[in-house]
Amino acid sequence: MKVSIDIDGQHEETTIVIQCKEMDDSIKSIVHFINGQGTRFLVGQKGEMRHILKPADIHYFHTANDTVSAVTATGEFRLKEKLYELEAMLAPSQFIRLSKSVIANLDEMSRFEASFNGTLCVYFKSGAKEYVSRNYVNAIKESLKMNRRKEQ
């Protein structure tokens, strides 16, 4: 990646131009950062209390029975957002879709196992585990840079 900066007092406003062959996760992360998109916190409910949750503290999001929950080290919190809304709000360099019902924080993953049926089982630092459906295995492998040998 090549970066060039043109500093000139004649510029009236700051303009950022990204020229790329195709949109990939690294470009999405840069745009996400520049636009200040992404959320600093989410509000989750546990019992009658509402809690402020930082995305970095969330291990994964999952949906069951039309309810989306965020799982953290301190428990599970019900959210109002849908998974597709969370996916758009969260940094793609930190969160990845594991299946139709799970989005995981890459920083909270500790290990994984390949299954004989083509899926992966992901273990989190908390000890929880989730399965990567076959449709998402290649994306998770790419995020974890498991295909390095093939690229050489």
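Residues numbered from 1 in each chain as written. Predicted model: local features only at pLDDT ≥ 70, side-chain atom pairs only at ≥ 80, totals over all residues. Heavy atoms only, no water.

## Some points on the nonpolar core
Part 1: One finds Leu98, Met109, Phe124, Val132 and Ile140 to be the most contacted residues of the largest nonpolar core, which totals 14 residues.
Part 2: At the level of secondary structure, the elements contributing two or more residues to this core comprise β6 (95–99), β7 (102–105), β9 (120–124) and α3 (134–143).
Part 3: When near neighbours in sequence (up to four residues on either side) are disregarded, Phe124 contacts His59, Tyr60, Leu98, Ala104, Asn105, Glu108, Met109, Ser110, Lys129 and Glu130.
Part 4: Counting 13 residues, the second largest nonpolar core, distinct from the first, contains Phe61, Phe77, Leu79 and Leu90. (Core = buried A, V, L, I, M, F, W, Y, C linked by side-chain atoms within 4.5 Å. Buried < 20%, exposed > 50% of the residue type's maximum accessible area, 1.4 Å probe, protein only. Helix = DSSP H or I, 4+ residues; strand = E, 2+ residues; numbered from the N terminus. Contact = heavy atoms within 4.5 Å.)

## Focus: the pairing of β7
Part 1: Judged by which residues are buried, β7 turns out to be covered on both faces: Val102 and Ala104 on one side and Ile103 and Asn105 on the other are all buried.
Part 2: Pairing analysis gives 4 bridges linking β6 to β7, with the strands arranged antiparallel. Of the residues in β7, the one forming a bridge with Ser99 is Val102.
Part 3: Linkage of β6 to β7, two consecutive antiparallel strands, is achieved through a turn of 2 residues. (Pairing = 2+ DSSP bridges.)

## Some remarks on the packing of aromatic side chains
Remark: the centre distance and the inter-plane angle together describe each pair of aromatic rings, the angle taken between the planes.
Part 1: All chains considered together, the criterion is met by 2 aromatic pairs.
Part 2: For the ring pair Phe61 and Phe95, a centre distance of 5.8 Å and an interplane angle of 50° mean the geometry is tilted. Of this pair, Phe61 sits in strand β3 (residues 58–64) while Phe95 sits in strand β6, and the two are 34 residues apart along the sequence.
Part 3: Residue Phe61 is classed as buried on the basis of its relative accessible area of 0%. (Phe/Tyr/Trp six-rings, centres within 6.5 Å; stacked < 30°, edge-to-face > 60°.)

## A look at the sheet that holds strand β10 (residues 129–132)
Part 1: Here 3 strands make up an open sheet; going across it, the order is β8-β9-β10 and the pairing antiparallel. Edge positions in the open sheet fall to β8 (109–114) and β10, since each of these has one partner strand only. Neighbour-to-neighbour, the strand axes of this sheet turn through a mean angle of 25°, independent of strand direction.
Part 2: Summarising the sheet, β9 and β10 pair through 4 bridges and their orientation is antiparallel. Bridge pairing in β10 places Tyr123 opposite Lys129.
Part 3: Across the sheet, α3 touches β8, β9 and β10, and the angle it forms with β10 is around 100°. (Axes fitted to C-alpha atoms, helices over the stretch in contact; angles between N-to-C directions.)

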